[in-house]
Amino acid sequence: MDLRSDGRDDLAFRRELVDKYRPIVEKLITYISWLESKKGGNVSNNYTGDGIGEHSISFPVYDSTLLALVKLLQTSPLIDRNYVYVYSRNRLKTREDELNLIRRSELRDTANIGAVMSKYVIEGMRRGSMWTEAVTSGIFLEAIKKLRENIEFWDVPIK
């Protein structure tokens, strides 16, 4: 039995993580097929106020599925307002760095996956193109697939 520095054994710690994240991962995997279909595609349109006048401001109108995904993520234990510390600690600079961090993450690194998702969800509140970027670049897709893989490795498969 391998003990962690806080006195808990690894198996108990893994069980805690599975219990904490499994409910949200079960909800997130329902978006996988939609994310696969939208990767590299378009999830928003610009509304320009056609017919209103030449001085109207255009703004993005998002796919309702994207908005539902963002809303779900905002209320999940994955989102961390201190995601910048994970970026700094792991020297993440590019989208490829983010994808590599996601791909090499294990169950104990779930917070790292959450930090990458947090960047796109939180920054998307200020700059909506971040949500679109997370979908079209495959960040959300890769993160959700990796979360499912990690949970299923340590627990029974998710249906």
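Look up a bit, the structure's there.
Residues numbered from 1 in each chain as written. Predicted model: local features only at pLDDT ≥ 70, side-chain atom pairs only at ≥ 80, totals over all residues. Heavy atoms only, no water.

1. Quick notes on the overall build of the protein
For clarity, the cut-off: Strands are runs of DSSP state E lasting at least 2 residues, helices are runs of H or I lasting at least 4, and numbering of each runs from the N terminus. Categorising residues by exposure relies on relative accessible area from a 1.4 Å probe, with only protein chains included: less than 20% of the type maximum marks a residue as buried, more than 50% marks it as exposed, and the intermediate range marks it as partly exposed. Where accessible areas are quoted, they stem from the Shrake-Rupley method and a 1.4 Å probe; at the residue level, only the protein chains shown are allowed to cover.
Regarding its fold elements, the protein presents eight helices and two strands. Ordered by position in the sequence, the α and β elements of the protein form the string α-α-β-β-α-α-α-α-α-α. Here the protein holds 159 residues, and 44% of them are scored as buried. On the protein, roughly 9300 Å² of surface is accessible, and the fraction owed to carbon and sulfur atoms is 50%.

2. Here we look at the packing of aromatic side chains
Put simply, the test is: Classification of ring pairs uses Phe, Tyr and Trp, with its six-membered ring standing for Trp, and accepts pairs whose centres are within 6.5 Å; under 30 degrees between planes counts as stacked, over 60 as edge-to-face, and the remaining range as tilted.
Under the definition given, this model contains two aromatic pairs. Seen in terms of ring centroids, Tyr83 and Tyr87 are 5.9 Å apart; in terms of plane orientation they differ by 80 degrees. Their pairing is edge-to-face. With Tyr83 and Tyr87 both in helix H4 (residues 83-89) and four residues apart, this pair spans about one turn of that helix. Relative to Trp154, the ring of Phe153 has its centre 4.9 Å away and its plane inclined at 80 degrees; by these criteria the two rings are edge-to-face. For Phe153, a relative accessible area of 62% puts it in the exposed group. Residue class for Trp154 comes out partly exposed when judged on its relative accessible area of 35%.

3. What about the layout of surface pockets?
Basically, it comes down to this: Using only the protein atoms, space was sampled on a 1 Å grid; points where a 1.4 Å probe fits but cannot get out form cavities, open sets with protein on both sides within 12 Å along at least five of seven lines form pockets, and lining residues are those with an atom within 4 Å of a point. Grid points are joined across faces, edges and corners, and a volume is the space filled by probe spheres set on the points. Residue polarity is assigned by list, with Asp, Glu, Lys and Arg as charged and Ala, Val, Leu, Ile, Met, Phe, Trp, Tyr, Cys and Pro as nonpolar; anything else, Gly included, falls into the polar class.
Estimates place the volume of the largest pocket at around 210 Å³. If you go around the largest pocket, you meet 13 residues; those closest to its centre are Arg14, Glu106, Leu107, Arg108 and Trp154. The element that contributes the greatest number of residues to the lining of the largest pocket is helix H8 (residues 139-154), accounting for five residues. Each residue belonging to the lining of the largest pocket can be placed in one class, and the counts come to four nonpolar, two polar and seven charged.

4. As for the side chain of Glu142
Basically, it comes down to this: When checking whether two residues touch, look at their non-hydrogen atoms; a contact exists if any pair is within 4.5 Å.
Of note, Glu142 is situated in helix H8. Among all residues touching Glu142, those that are not within four sequence positions of it are Lys39, Leu99, Ile102 and Arg103.

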